[in-house]
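If you want the building blocks of each chain, they are given just below.
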Amino acid sequence: MNISSHTEPFIDHAGHVRSGEELDTARLSDYLQQRIPELRGELVIEQFPAGFSNLTYLLRAGDVELVLRRPPIGAKIKTAHDMSREYRILSHLHPVYKQAPRPILFCEDESVLGIPFYVMERVRGLILRARPPAGIKLLPEVLRQLSRSFVQTQIELHSFDYKAAGLSDLGHATGYVSRQIEGWTKRYYNARTGEVASVERVAKWLQDNQPASSTRASLIHNDYKYDNIILDPSDLSRVLAVLDWEMATIGDPFMDLGTTLGYWVDRDDPEEWQQFGFGLTTLPGSLTRTEVLEHYERLSGREMGSPVFYYAYGLMKIAVIVQQIYFRYRQGVTSDRRFARLGELVKACGNLAERAITRGRIYNLG
């Protein structure tokens, strides 16, 4: 895609590689240039600064730009950071699903970087994080259309023929809900750094209040949120790519939507929750959580039925993901100072989920 000069400043850019997360430039350059003919000249490595999970780097040599993904430092959660699995998903998706970036190569030879990694194309576009790029105007009508396109893209993913794409063995839909509750609860207790009573109560409530699984299994992303999509900077309602497929599987689409709702912050949510800024969904024009759900149900023709359960599950899952990262930080495995306050975020997730459960709704939780 060609980016015009007036939208170039809004493209997501990489910067300096964080201390302790450097790559062996010489070894990587030799490996890649033997396998990617168009990659010629000095290899420059930068790192995309956001994200708490897999590490993402920008590789540049001449006019060629690629993206490298590798597991986080010290991670031992194989299924959550399996590079070969993520590469395989993209390999099957890209030919038939336009928003999946093109994967280029997978390396399991740990003599190159010490870990498995894969390389994919770089999709140049805008990623909306907690703060928009300077100079961009997020007008209410723009955010309204973006919200709707965001939901539409998720519905398209849930409607995707994963069997025809050769991804039938990616997961098992039967018993998906109960496996997720059991699995995330176990992961939480394995990564505890202290008692967070609200999270533990929510985990018990989820176990005791499971709805029946959806009657239709779907390919689900499992981490679908604003900073995992790339937008056309000249038309923010156009989704160019969906990123971070590490947790994608076959399962209940409402569990996927529940995770998305967990990341979606309303303007009247408690300040304890809003301070972490998962995105820009509190700005005027954005759909509310309830409107996201209603838009999904209207376009998909499917009714969720138990929104509080799925929303509380999304918050519980976010809490566990964050707790796992915080655990690695407390263990001294990673020194990334961004992780120092993650314990507060875990508590905020549990507290908000309890509010939703107590009030029996996913709105007006402030």
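Residues numbered from 1 in each chain as written. Predicted model: local features only at pLDDT ≥ 70, side-chain atom pairs only at ≥ 80, totals over all residues. Heavy atoms only, no water.

Participant: Which residues make up the packing of aromatic side chains, and what values do they have?
Facilitator: The final tally for this structure, using the stated rule, is 14 aromatic pairs. Between Phe150 and Tyr224 the ring centres are 4.3 Å apart and the planes differ by 20°, which places this aromatic pair in the stacked class. Residue Phe150 is found in helix H4 (residues 140-158), and its partner Tyr224 is found in the loop between strand E6 (218-220) and strand E7 (229-232); the two are separated by 74 residues along the sequence. Looking at Phe150, the relative accessible area reads 1%, which means it is buried. Where Phe150 meets Trp264, the ring centres are 5.6 Å apart and the plane angle is 40°; that geometry is what we call tilted. One end of the pair, Phe150, is in helix H4; the other, Trp264, is in the loop between helix H7 (253-263) and helix H8 (271-274), with 114 residues separating them in the sequence. We classify Trp264 as buried; its relative accessible area is 3%. An aromatic cluster of three or more residues is present, and its members are Trp205, Phe254, Tyr296, Phe309 and Tyr310. Its guanidinium or amino end placed over the ring of Tyr263, Lys225 lies 4.9 Å from that ring's centre, counting from NZ or CZ. (Phe/Tyr/Trp six-rings, centres within 6.5 Å; stacked < 30°, edge-to-face > 60°. Helix = DSSP H or I, 4+ residues; strand = E, 2+ residues; numbered from the N terminus. Buried < 20%, exposed > 50% of the residue type's maximum accessible area, 1.4 Å probe, protein only. Lys NZ or Arg CZ within 6 Å of the ring centre and 35° of its normal.)

Participant: Give me the environment of Arg102: which residues, what numbers.
Facilitator: Within the secondary structure, Arg102 sits in the loop between helix H2 (83-93) and strand E4 (103-107). Contacts of Arg102, omitting those with residues within four sequence positions, involve His94, Met120 and Glu121. (Contact = heavy atoms within 4.5 Å.)

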